[in-house]
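Examining the three-dimensional arrangement
Take a look at the letters that make up each chain.
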Amino acid sequence: MDNLHNGTQDIHALIVDDDDVDREKLLRLLRRVPRNITVEQASSQAEALGMIRRPDAHFDIVFLDFGLKDGDGRELLPEIRAEIDPDIPVIAVTGDSGEQVAADSIKSGMTEFLNKRSLSPERVAASVEEGMAWRKYRQELRKAEEELTHRGLHDPLTDLPNRTLFADRLSQACARARRSGDPFGVVMIDLDRFKEINDSLGHAAGDAVLVTLGRRMREHLREVDTIARLGGDEFAVLLQNVDGDGSALAVAAKLTELIEQPIVHDGRLLYVGASMGVALCPQLGYSPEALLEAADEAMYEAKRGIDKAVIARGEERRPPRMGERTLLHDIEDAMGARAFNWHWQPKVDMRSGRVLGFEALVRWTHPDTGPVPADALIETVEQSHLLEDFTYLSLDTVLGQYARLEKGLDGAGIAINVSARMLERPGFVAHVVEAIRRHDVDPARVVLELTETALIAHPSQAKRVIEQLQDHGISLSIDDFGAGFTSFGYLREFAVSEIKIDRSYIARFTENRFDQSLVTSLVVLCDSLGIPLVAEGVEDNETQAMLVAMGCTCGQGYGICRPMPYEDVRGWVDGWNASHDIGHNGHRRVRASRRA
């Protein structure tokens, strides 16, 4: 077979006929066809089967007689189509004439019918051309069908299997596990910080992230495993022959490492993370729906906690609390509509009255049920996949507000609350720095408030993040100090810029000697470290006076000013400064005395 079919001129043909004279006649006619045709001949079914079953067999067209000495030639049709090509043209060449014979030939799967008695160069050439055209049409049709099938089962962006194909493979895995006991695992993956990239840099950047991560995970998984994109920034993995927590978590750790590697797009380095939930079969049964639900719940548990991958435990699963998913859905809608408000509460020097800064506090009025308590809102967000998006929305909104007021605040800064979980997120510092730069805000005026318990839980990670923030001129305040497992030693280790005493101590301050002793100790320690100390929850003049007498001069609370809408801040500052005789430099005016 020196001349193989190349799609344009060369054709390799097979003649199957037990009559030597008929074969020679057809061979002469094929040589007169204006194509380069190479011909092989078989005189029986057995000889033809041997030829088409050769490993190197290649034929573009077959001319087949019916009356072979060892059987009906039509019996070869299934073998020809299976071994050579399902679209190969097979031309019936027989001495039997008649319309019924021709019709039966076509019905049996022949492409065309030729009568040996009426063969001519033109008739044979036409059958070749028509056969090759039919083959091309069939191949194009089959390719189109395959493409449509592929599109129906694969994600158009990443070309990974989609939800439909993943569900089918999961069902097969469950059936196989039920029959033979083959274990496997289902991993649900939800990306962190993807929405922020999509919103701030555009869909092209988001698409680049999805394509890159899809390729990375596919290349590092085994061929027997399935990685699918279920939609948005959610992926799923079917891990075959995974029989325990250790091996499943090892794969999850590898996937996390791949996802967290930076992605280069349009001259930028993009960083994302992931939360993963793992459900194992047969530990959690053989139901595809139950396994997916368990993996999904474990993934959301990872979102709420510290571990980036969580193994689902059947006995620990709980139904969602009444209204939890509804509230979360409404919060997500509110984020998309930017329906939140941030009220600003001032922090002042209780001796001079100077405004030192403001803390931005989120407020939200549900369109149906009215105002939602801030504690309930924050708790719901912190335990969900929305935390990163909510944090970055807060940063963007509050920094944008502060940028419009900065010049009129006489150096007063802005404090933004940040969840402890954000310290675990790669790229958090880079995002904060980018947001400050984008809004053209002085980083020295920005304070991130973090609860003290986060430092206790993750001291090494917290220390690295705090030091990175400080390197960029961004201050960090320990909020609610004393509410957790207080360790004064941490204040010496962390480069914090402010300590805020939890309001529970200030509420009993005037009557409780322990609380007074705690404040006194903190004043001495913070003074020695050069860290400002702020009292939260200052409600009355008596508390202010005692705090100032002990050396705690910075305060915040309803006794000074309640949180106010952003639109009221500038007017409040002007009125406050006027009432306390504070000049534009932030200090009390010095009045010249007049002699009598």
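See the structure printed just above.
Note that the coordinates shown come from a computational prediction; the quantities given were computed from them, not determined experimentally. (Residues numbered from 1 in each chain as written. Predicted model: local features only at pLDDT ≥ 70, side-chain atom pairs only at ≥ 80, totals over all residues. Heavy atoms only, no water.)

Observations regarding the overall build of the chain
- Within the chain, the regular secondary structure consists of 21 helices and 24 strands.
- A total of 596 residues make up the chain; the buried ones form 49% of that total.
- Contacts in the chain between residues far apart in sequence, at least 24 positions, make up 68% of those at least 6 positions apart.
- Accessible area of the chain: about 28,800 Å², with a carbon and sulfur share of 49%. (Helix = DSSP H or I, 4+ residues; strand = E, 2+ residues; numbered from the N terminus. Buried < 20%, exposed > 50% of the residue type's maximum accessible area, 1.4 Å probe, protein only. Contact = heavy atoms within 4.5 Å. Areas by Shrake-Rupley, 256 points an atom, 1.4 Å probe, with all protein chains shown as cover.)

As for the sheet that holds strand β14 (residues 309-311)
- Here 5 strands make up an open sheet; going across it, the order is β9-β10-β8-β13-β14 and the pairing mixed. Of all the strands in the sheet, the pair left with one neighbour each is β9 (226-231) and β14. Across the sheet, the mean angle separating the axes of adjacent strands is 20 degrees when strand polarity is ignored.
- The sheet contact formed by β9 and strand β10 (residues 234-240) spans 5 bridges and is antiparallel. Paired with Thr226 across the strands is Leu238, a residue of β10.
- Against the sheet, helix α9 (residues 245-260) touches β8 (184-192), β10, β13 (273-281) and β14, its axis set at about 160 degrees to β13.
- Across the sheet, helix α10 (residues 288-304) is in contact with β8, β10, β13 and β14; its angle to β13 comes to roughly 145 degrees. (Pairing = 2+ DSSP bridges. Axes fitted to C-alpha atoms, helices over the stretch in contact; angles between N-to-C directions.)

Observations concerning a nonpolar patch on the surface
- There is a patch of nonpolar side chains on the surface, built from Val264, Leu269 and Tyr271 and spanning about 290 Å² of accessible area.
- On the accessibility criterion, Val264 (63% relative accessible area) is exposed. (Patch = residues over 30% accessible without salt bridge, like charges linked within 9 Å, V, L, I, M, F, W, Y side chains within 5 Å. Salt bridge = Lys/Arg side-chain N within 4 Å of Asp/Glu carboxyl O.)

A word on the nonpolar core
- Ranked by internal contacts, the top residues of the largest apolar core, which has 77 residues, are Phe340, Trp344, Phe358, Leu409, Phe428, Leu448 and Leu547.
- Per-element accounting of this core gives the leading share, 9 residues, to helix α13 (residues 387-405).
- Not counting residues within four places of it along the chain, the set of residues in contact with Leu547 comprises Met350, Ile506, Phe509, Val519, Ala535, Val538 and Cys552.
- Of all hydrophobic cores here, the second largest spans 31 residues; its members include Leu191, Leu213, Val242 and Val278. (Core = buried A, V, L, I, M, F, W, Y, C linked by side-chain atoms within 4.5 Å.)

Observations concerning the side chain of Arg193
- With respect to the helices and strands, the residue Arg193 is situated in the loop between β8 and α7 (194-201).
- Of note is the side chain of Arg193, whose polar atom sits 3.2 Å from the backbone oxygen of Tyr271.
- Every residue in contact with Arg193, bar those within four places of it in the chain, is listed here: Tyr271, Val272, Gly273, Glu388, Tyr392, Arg425 and Pro426. (Polar contact = N/O pair within 3.5 Å; in protein donor to acceptor, adjacent residues only side chain to side chain.)

Focus: the packing of aromatic side chains
- In the structure shown here, the tally under the stated rule is 9 aromatic pairs.
- Ring centres of Trp344 and Phe358 lie 5.6 Å apart, and the angle between their planes is 50 degrees; on these two criteria the pair is classed as tilted. Within this pair, whereas Trp344 is found in strand β15 (residues 341-349), its partner Phe358 is found in strand β16 (residues 355-366), the two being separated by 14 residues in sequence. Phe358 matches Trp344 in its accessibility class, with the two residues each being buried.
- Aromatic side chains Trp344 and Tyr566 sit 5.5 Å apart centroid to centroid with 55 degrees between the ring planes, which places their arrangement in the tilted category. Taken together, the residues Trp344 in strand β15 and Tyr566 in the loop between β24 (564-565) and α21 (569-579) connect sequence positions 222 residues apart. We note that Trp344, like Tyr566, is buried.
- Each member of the aromatic cluster is reached from another via a ring pair, and the members are Trp344, Phe358, Tyr402, Tyr566, Trp572 and Trp576. (Phe/Tyr/Trp six-rings, centres within 6.5 Å; stacked < 30°, edge-to-face > 60°.)

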